[in-house]
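Secondary and tertiary structure notes
So you can see what is in the structure, the chains are spelled out below.
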Amino acid sequence: MKRYGQLWEQVISWENLVLAARKAQRGKRHRDSVIRFNFGQERELLRLQGQLACWQYCPGAFTCHWIYERKARLISAAPYRDRVVHHALMNILEPILDKHFHPHSYACRKGKGTHAAANRLQHLMQGHRYALQCDIRKFFPSIDYSALKQAFRRLIKDRQVLWLMDLIVDHSNEQEAVLDWFAGDDLFAPLEHRRGLPIGNLTSQWFANWMLDGLDHYITSGLGLGAYVRYCDDFLVLDDDKARLREAAGQIGEFLARLRLRLHEGKLFVRPVRAGLTFVGYRIWPTHRILRKDNIHRFRRRVWWMRQAYAAGLTDWPRVKLRLDSWIAHAHHTDCKLLIGRLSRQWVFQRGTAANVPCSARRQLEQQRQQLPRGEPQQQQARQSQQQHRVPCCPALSLAEGESTRNCTVYGSCERGLESPGCVPEPHFVETRACGRMYVVRPDGSGRFAAEGPIRSLLLKCREAA
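What you see is a predicted model; the values in this text were computed from it and never measured.

**Thoughts on the overall build of the protein chain**
Per the secondary structure count, the protein chain includes 16 helices and 13 strands. Evaluated residue by residue, the protein chain yields a buried proportion of 49% over its 466 residues. Summarising the internal contacts of the protein chain: among those between residues at least 6 apart in sequence, 73% fall at separations of at least 24. About 24,400 Å² of surface is accessible on the protein chain, with carbon and sulfur atoms providing 51% of the total.

Take a look at the structure:
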């Protein structure tokens, strides 16, 4: 294998550091740490360049927090100046690594990603009967420093670049304790080996891929199983022979033991592809795929919180729309068009405290033939004191202007007036409640009564009063 050298001058060059600072601030330029750095950006970059050139650079402390979606994970965020150094390093290493990584490793690479991995798996499922699915137990906390540094030296020979990569690895914060014994270990061996990369660093993602690149080539070339796909530490091997896959699982476990990693026994199985596989957030079959149920439940909770924030004035419509469009774009890679339409009819955003009341108890949904502009709120001149706003049934699914379709018009009180995302005047309805439901009586006497007896008499009185 070719080893690369003379990379240090490219890493610490002024142009590369400026590019790294520009990449590091994407989506974060309004944070305090980024504003302080950018206020004296030239001075800060010159200081970083001098420290790197003299080998005096030292990473700072991490900011950590736990997340509990699906399982508990410790997320570690490096200081902003350290993230600039990470980007400067990966600007030079990324083209080299991407050229040497296995073509069917899909994590953190341009032109790859979760959707490409799902497409690859579904294509393989159409030509094979069985699948071996594997997952590495506590992968990031289990990465052994000595094994990772050996992988560095098999590809890179530049002494200064190796010093910087070793420094980043050695300054990782304390991770979740993982005690595993392997062949040849004594009682205290797990305590003598430093391990664990912080989840949340750009370098951690690439170093983790680097760690498992040998596994990719071992499975496809060493074992001769070419129907293979991997996303980070979750990988699948497909074949028509179930016994061969079970034998391969044992051989894969032996290979990972040499890297001081262990397969997750609870997530290791061989099953027919017609039963469906769970991978990169989807449930996948040879003919179709759907979203995971926990993905749908999490997004419904997120929409509920966005509605509360919008009602309290803590967020605005463009930010809300970006999040809705992002999830819809992800869901479009599945066969869930009916689900998207059903959920999107619940996405009603209104200023004021009415967001805490269920939609069905305070709004009446009617069909409107006129199509709004693509995914944008519409504003009209108010004819009455109270204003409504209208959210398209599915903002990201709106058709181009001129095409005929139907959308839901949402009627209800709105305090923001013409600034609301989509305003239509409110019809003069007389509203009352009966048995926990809303009944609408039109001034001209039209409409249908769904109640009998005393409730019907009450509604008739409301109509006469109107």
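**Points about the nonpolar core**
Counting residues in hydrophobic clusters, the biggest one holds 73 residues, and the most contacted among them are Ile156, Leu164, Met165, Phe207 and Trp210. Per-element tally for this core: the top contributor is helix H5 (residues 80-100), with 10 residues. Grouped together as the second largest cluster of nonpolar side chains are 35 residues, Val273, Ile284, Val320 and Cys336 included.

**Quick notes on the sheet that holds strand E4 (residues 228-231)**
Sheets are built from strands that pair by backbone hydrogen bonding, the pairs being arranged parallel or antiparallel. Read from one edge to the other, the open sheet built from four strands follows the order E4-E5-E3-E6, with strand pairing classed as antiparallel. On the outer flanks of this sheet lie E4 and strand E6 (269-272), each paired with one strand and no other. In this sheet, neighbouring strand axes are inclined to one another by 20° on average, regardless of whether the strands run parallel or antiparallel. In this structure, strand E3 (residues 130-135) lies alongside strand E5 (residues 234-239), joined through six bridges in antiparallel fashion. Paired with glutamine 133 across the bridge in E5 is leucine 236. Together, E4 and E5 form the strand contacts of helix H6 (residues 114-125), whose direction differs from that of E4 by roughly 155°. Across the sheet, helix H12 (residues 242-258) lies against E3, E5 and E6, angled at about 15° from E3, the strand it touches most.

**A word on a nonpolar patch on the surface**
A cluster of nonpolar side chains, Leu179, Trp181, Leu187, Phe188 and Leu191, forms an exposed patch at the surface whose accessible area comes to about 590 Å². Relative to the assigned elements, phenylalanine 188 resides in the loop between helix H9 (159-170) and helix H10 (189-192).

**Quick notes on unusual backbone geometry**
Phi at glutamine 6 takes a positive value of approximately 55°, unusual for a residue other than glycine. Here glutamine 6 is to be found in the segment before helix H1 (8-11). On the basis of relative accessibility, which here comes to 75%, the residue glutamine 6 falls in the exposed class. For tryptophan 55, which is not glycine, the phi dihedral falls at a positive 60°. Its location among the elements puts tryptophan 55 in the loop between helix H4 (41-53) and strand E1 (63-67).

**A few points about the pairing of E5**
Burial analysis of E5 places six of its six residues in the buried class, which makes it a mostly covered element. Relative to E5, E4 runs antiparallel, the two being bridged by four bridges. Looking at the pairing, tyrosine 228 lines up with valine 237 of E5. Here E4 folds back onto E5 in antiparallel fashion, the turn holding two residues, of which cysteine 232 has a positive phi close to 60°.

**What about the packing of aromatic side chains?**
Under the criterion given, the structure shown has 16 aromatic pairs. Here the aromatic rings of tyrosine 228 and phenylalanine 235 are separated by 6.2 Å at their centres, their planes lie at 50°, and the arrangement is tilted. Counting every residue linked through ring pairs, the aromatic cluster contains Trp8, Trp55 and Trp163. Over the ring of tyrosine 106 we find lysine 112, and its NZ or CZ is 5.1 Å from the ring centre. Between the NZ or CZ atom of arginine 289 and the centre of the ring of tyrosine 282, over which it lies, the distance is 5.8 Å.

**Let's talk about helix H11 (residues 202-222)**
Its 21 residues give H11 an end-to-end C-alpha distance of 30 Å, which sits within 8% of 30 Å, the value for a rise of 1.5 Å per residue. Within two residues after H11, glycine 224 carries a phi angle of roughly 70°, on the positive side.

**Quick notes on the packing of helix H3 (residues 32-39) against H5**
Their axes nearest at 9 Å, the elements H3 and H5 cross at an angle of 75°. With respect to H5, the element H3 is oriented roughly perpendicular. Within the contact between the two elements, H3 uses Ser33, Val34, Phe37 and Asn38 and H5 uses Tyr80, Arg81 and Val84. Class assignment of the residues belonging to the contact of H3 with H5 gives a composition of four nonpolar, two polar and one charged.

**Quick look at the side chain of glutamine 175**
Mapped onto the fold, glutamine 175 is located in the loop between H9 and H10. A distance of 2.7 Å separates a polar atom in the side chain of glutamine 175 from a polar atom in the side chain of asparagine 173. Here glutamine 175 is in contact with Leu74, Ser76, Pro141, Gly196, Leu197 and Pro198, once residues within four sequence places are set aside.

**Structural notes on the confidence of the model for the protein chain**
When the pLDDT values of the protein chain are averaged, the result is 80; 76% of them are 70 or greater. Confidence drops under a pLDDT of 50 for residues 354-456, and excluding neighbours within four residues, the segment shows 194 contacts in the predicted structure.

**Re helix H15 (residues 337-344)**
Every buried residue of H15 is listed here: Leu339, Ile340, Gly341, Leu343 and Ser344. Residues of H15 that are buried sit in contact with helix H13 (293-311) and helix H14 (317-331).

**Side note on the packing of helix H2 (residues 14-24) against H5**
The interhelical angle for the contact between H2 and H5, taken along N-to-C directions, is 120°, at an axis separation of 8 Å. Between H2 and H5, the crossing angle belongs to the class labelled oblique. For the element pair H2 and H5, the recorded crossing hand is right-handed. Along its contact with H2, which presents Asn16, Leu17, Leu19, Ala20, Ala21, Lys23 and Ala24, the element H5 presents Tyr80, Arg83, Val84, His87, Ala88, Asn91 and Ile92. When grouped by side-chain class, the residues that make up the contact of H2 with H5 number nine nonpolar, three polar and two charged.

Quick notes on the rules
Residues numbered from 1 in each chain as written. Predicted model: local features only at pLDDT ≥ 70, side-chain atom pairs only at ≥ 80, totals over all residues. Heavy atoms only, no water. Helix = DSSP H or I, 4+ residues; strand = E, 2+ residues; numbered from the N terminus. Buried < 20%, exposed > 50% of the residue type's maximum accessible area, 1.4 Å probe, protein only. Contact = heavy atoms within 4.5 Å. Areas by Shrake-Rupley, 256 points an atom, 1.4 Å probe, with all protein chains shown as cover. Core = buried A, V, L, I, M, F, W, Y, C linked by side-chain atoms within 4.5 Å. Pairing = 2+ DSSP bridges. Axes fitted to C-alpha atoms, helices over the stretch in contact; angles between N-to-C directions. Patch = residues over 30% accessible without salt bridge, like charges linked within 9 Å, V, L, I, M, F, W, Y side chains within 5 Å. Salt bridge = Lys/Arg side-chain N within 4 Å of Asp/Glu carboxyl O. Phe/Tyr/Trp six-rings, centres within 6.5 Å; stacked < 30°, edge-to-face > 60°. Lys NZ or Arg CZ within 6 Å of the ring centre and 35° of its normal. Expected span 1.5 Å × (residues − 1). Parallel < 35°, antiparallel > 145°, perpendicular 65-115°, else oblique. Nonpolar A, V, L, I, M, F, W, Y, C, P; charged D, E, K, R; others polar. Polar contact = N/O pair within 3.5 Å; in protein donor to acceptor, adjacent residues only side chain to side chain. pLDDT = per-residue confidence, 0-100. Left-handed = near helix turned anticlockwise from the far one by under 90°.

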